[in-house]
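Coordinate analysis (summary)
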Amino acid sequence: MGKNPAPKAKKPQGYIYNGGLKALPHNLALDFKRNTAVYVFLFIILTYFIIFCYIPMGGLVMAFEKYSPAKGLLGSRWVGMKNFRTFFEGPYLWRLIRNTVAIGVLDLLINFPMPIIFALILNEINFKPFKKLVQTLSYMPYFISAVVACGIVAMFTQAGGVISELVASINHTDSVNLLNQKQLFWLIYVLQNMWQGMGYGSIVYLSALSSIDQSLYEAAVLDGANKWQQLLHITLPSIAPMIIMMLILRMGAIFSVGADKILLLYTPATYEYADVINTYVYRLGMVNQDYGVSTAVGLFNSIIGTIMLVSTNQITKKLSGTSMF
């Protein structure tokens, strides 16, 4: 005997399904009446994005103008690509790109895998009170403001500071201000990011680990698999899609090295290794008031980030079948 066909879903009453565009106002009004709360929340979200994300995009016109606050966007003189040429022909171009890429790549190589490793270690802890304590302590630095965090780093790395004294005792040298050593700036910046972001960044991986079917581990134990084999053949493949998604997002931000912490840590003595594109944009716009060139540099940075994001997404899609879009 053949199976009975599944019953068709009933269409909501009151809507006009064959009226085309003429029925749209009626259907929208009826749907708004039935789902008022949903539309209110949608309106709030759309308003936020329009005001703070889309309207400010009009300011990109400044990248092609000799912008004057007195004349405004419409009254300022149009200069075309001159602002971009000023940046690309400037004396600091290669230094800015080198520092931005170096810090971004170092941050990726060190601080991308660290939350994954930390989450894997926490996942193996069976004593729940200790596990929760470690998690709480690891999350706390993330909620410290950048000013306070950089102040702590500056205090610990100054001459006579805890870290400076430790380094001096290891190298058998006098204690010096490590932040004034330009060759150490990249390492200090990356390690500060690791201290602040490792615990908080592990949350998404702990969530992915908790969703793994435990029967897979039980079957692996029966087959004689040790912890390392379970990690390679069950744990990592199970969280691989999450790792790939986070990697795509991280690659898109590799050129967007944050200016806030660097501005709080660097000095003119360390500009050679600490100055990045975002700090250069800050100085051009806020200090020199050269809004046109600063906007052009920021636009260039955003374009590179978008290219990195799309390229990484396409590569991971071809290699693993996992992508964001």
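Residues numbered from 1 in each chain as written. Predicted model: local features only at pLDDT ≥ 70, side-chain atom pairs only at ≥ 80, totals over all residues. Heavy atoms only, no water.

Section: the overall build of the chain
Put simply, the test is: What counts as a helix is a DSSP run of H or I of at least four residues, what counts as a strand is a run of E of at least two, and both are numbered from the N terminus. Radius of gyration here uses only the C-alpha atoms, and the compact-globule reference equals 2.2 Å multiplied by the residue count raised to the power 0.38. Burial here depends on accessible area, computed with a 1.4 Å probe over protein chains only, as a share of the maximum for the residue type. Under 20% is buried, over 50% is exposed, and the range in between is partly exposed. In what follows, a contact means two residues having at least one pair of non-hydrogen atoms within 4.5 Å. Each accessible area is a Shrake-Rupley result for a 1.4 Å probe, and residues are judged covered by the shown protein chains and nothing else. Neither His nor the chain termini are counted; the positive set is Lys and Arg, and the negative set is Asp and Glu. For this purpose, a charge sits on NZ of Lys, CZ of Arg, CG of Asp or CD of Glu.
Each helix and strand in the chain was counted, giving 17 helices and 2 strands. Its C-alpha atoms give the chain a radius of gyration of 27 Å, more than 25% over the compact-globule value 20 Å for 325 residues. Considering only C-alpha atoms, the chain reaches an extent of 90 × 70 × 35 Å along its principal axes. In the chain, buried positions account for 33% of the 325 residues. Across the chain, contacts joining residues at least 24 apart in sequence account for 59% of those joining residues at least 6 apart. About 20700 Å² of surface is accessible on the chain, with carbon and sulfur atoms providing 68% of the total. Averaged over its 24 positive side-chain charges, the chain has a centre that lies 16 Å from the centre of its 14 negative ones.

Comments concerning the side chain of T316
For T316, the location among the structural elements is in helix α17 (residues 291-320). Residues within four places of T316 in sequence aside, it is in contact with I244, I248, G321 and T322.

Description of a positive patch on the surface
Note the cut-off: Patch definition: residues above 30% relative accessible area lacking any salt bridge, with like charges linked at up to 9 Å and the nonpolar side chains Val, Leu, Ile, Met, Phe, Trp and Tyr linked at up to 5 Å. We count a salt bridge whenever a side-chain nitrogen from Lys or Arg sits within 4 Å of a carboxyl oxygen from Asp or Glu.
A contiguous patch of positive charge on the surface is contributed by K66, K71, R77, K82 and R85. Within the fold, R77 resides in strand β2 (residues 77-78).

Comments concerning helix α16 (residues 277-287)
Buried within α16 we find I277, T279, Y280, V281, R283, L284 and G285. Buried residues along α16 sit against α4 (82-88), α5 (93-111), α14 (259-265), α15 (271-274) and α17. Following α16 by one or two positions, Q289 adopts a phi angle in the positive range, close to 55°.

Some remarks on the nonpolar core
A general tendency of soluble globular proteins is for nonpolar side chains to be buried together. For clarity, the threshold we go by: The criterion is simple. A nonpolar core is a set of buried Ala, Val, Leu, Ile, Met, Phe, Trp, Tyr and Cys residues joined through side-chain atoms within 4.5 Å.
Among the nonpolar cores identified, the biggest contains 32 residues, and F87, L209, I239, I277 and V297 are the most heavily contacted of them. When residues of this core are traced back to their parent elements, those giving at least two are α5, α6 (113-123), α11 (203-210), α12 (214-222), α13 (227-252), α16 and α17. The residues contacting L209, other than those within four sequence positions of it, are A119, L120, N123, T235 and I239.

Considering the pattern of salt bridges
By the definition in use, this model includes 5 salt bridges. Across the pair K227 and E124 runs a salt bridge, and its minimum N-O distance is 3.3 Å. One end of the pair, K227, is in helix α13; the other, E124, is in the loop between α6 and α7 (128-139), with 103 residues separating them in the sequence. On the accessibility criterion, K227 (57% relative accessible area) is exposed. On the basis of relative accessibility, which here comes to 45%, the residue E124 falls in the partly exposed class. Salt bridges linked by common partners bring R95, D275 and R283 together as one network.

A word on the environment of I248
By the secondary structure assignment, I248 is in helix α13. Each C-alpha atom of the pair I248 and M308 lies 8.6 Å from the other, and the pair is 60 residues apart in sequence. Ignoring sequence-local partners within four residues, the contact set of I248 consists of L309, T312, N313, T316, S323 and M324.

Quick look at α7
Definition in use: Expected helix span is given by 1.5 Å per residue-to-residue step, counting one fewer step than there are residues. Note: the arc covers the axis-to-C-beta directions of the helix.
With 12 residues, α7 extends 16 Å between its outermost C-alpha atoms, agreeing within 8% with the 16 Å of an ideal straight helix rising 1.5 Å per residue. Taken residue by residue, α7 has K131, Q135, S138 and Y139 as its buried positions. Looking down the long axis of α7, one finds its buried residues gathered within 100° of arc, a one-sided arrangement. Structurally, α7 contributes buried residues whose contacts are with α6, α10 (185-201) and α11.

Here's the deal with the packing of aromatic side chains
Geometrically, a pair of aromatic rings is defined through the distance of the ring centres and the angle of the planes. Which entries qualify depends on this criterion: Two aromatic rings, drawn from Phe, Tyr or Trp (for Trp, its six-membered ring), form a pair once their centres lie within 6.5 Å of each other, and the interplanar angle then sorts them: stacked below 30 degrees, edge-to-face above 60, tilted otherwise.
Inspection of every chain in the model, using the stated rule, returns 16 aromatic pairs. Measuring from ring centre to ring centre gives 5.7 Å for F64 and W78, while their planes differ by 15°; the resulting arrangement is stacked. With F64 in the loop between α2 (36-54) and β1 (65-66) and W78 in strand β2, this pair connects stretches of sequence that are 14 residues apart. Taking 5.9 Å as the distance between ring centres and 85° as the angle between the ring planes, the aromatic pair formed by Y67 and Y291 counts as edge-to-face. You can see Y67 sitting in the loop between β1 and α3 (72-75) and its partner Y291 sitting in helix α17, a full 224 residues away along the chain.

Some points on the packing of α13 against α17
When two helices pack together, their arrangement is given by the angle between the helix axes and the distance between those axes. Stated formally: Note on geometry: axes are lines fitted to C-alpha atoms, helical ones only across the stretch in contact, with angles between N-to-C directions running from 0 to 180 degrees. Under this scheme an angle from 65 to 115 degrees is roughly perpendicular, one under 35 degrees roughly parallel, and one over 145 degrees roughly antiparallel; angles in between are oblique. Each crossing gets its hand from how the near helix is turned against the far one by less than a right angle, where anticlockwise is left-handed and clockwise is right-handed. Residues are grouped as follows: Ala, Val, Leu, Ile, Met, Phe, Trp, Tyr, Cys and Pro are nonpolar; Asp, Glu, Lys and Arg are charged; all remaining types, including Gly, are polar.
At their nearest, the axes of α13 and α17 sit 7 Å apart, and the two run at 155° to each other. Taken together, α13 and α17 sit at an angle that is classed as roughly antiparallel. Note on packing geometry: the crossing formed by α13 with α17 is right-handed. Between α13 and α17, the contacting residues are I244, I248, L249, M251 and G252 on the first element and G305, M308, L309, T312, N313, T316 and S320 on the second. Among the residues forming the contact of α13 with α17, the class breakdown is 6 nonpolar, 6 polar and no charged.

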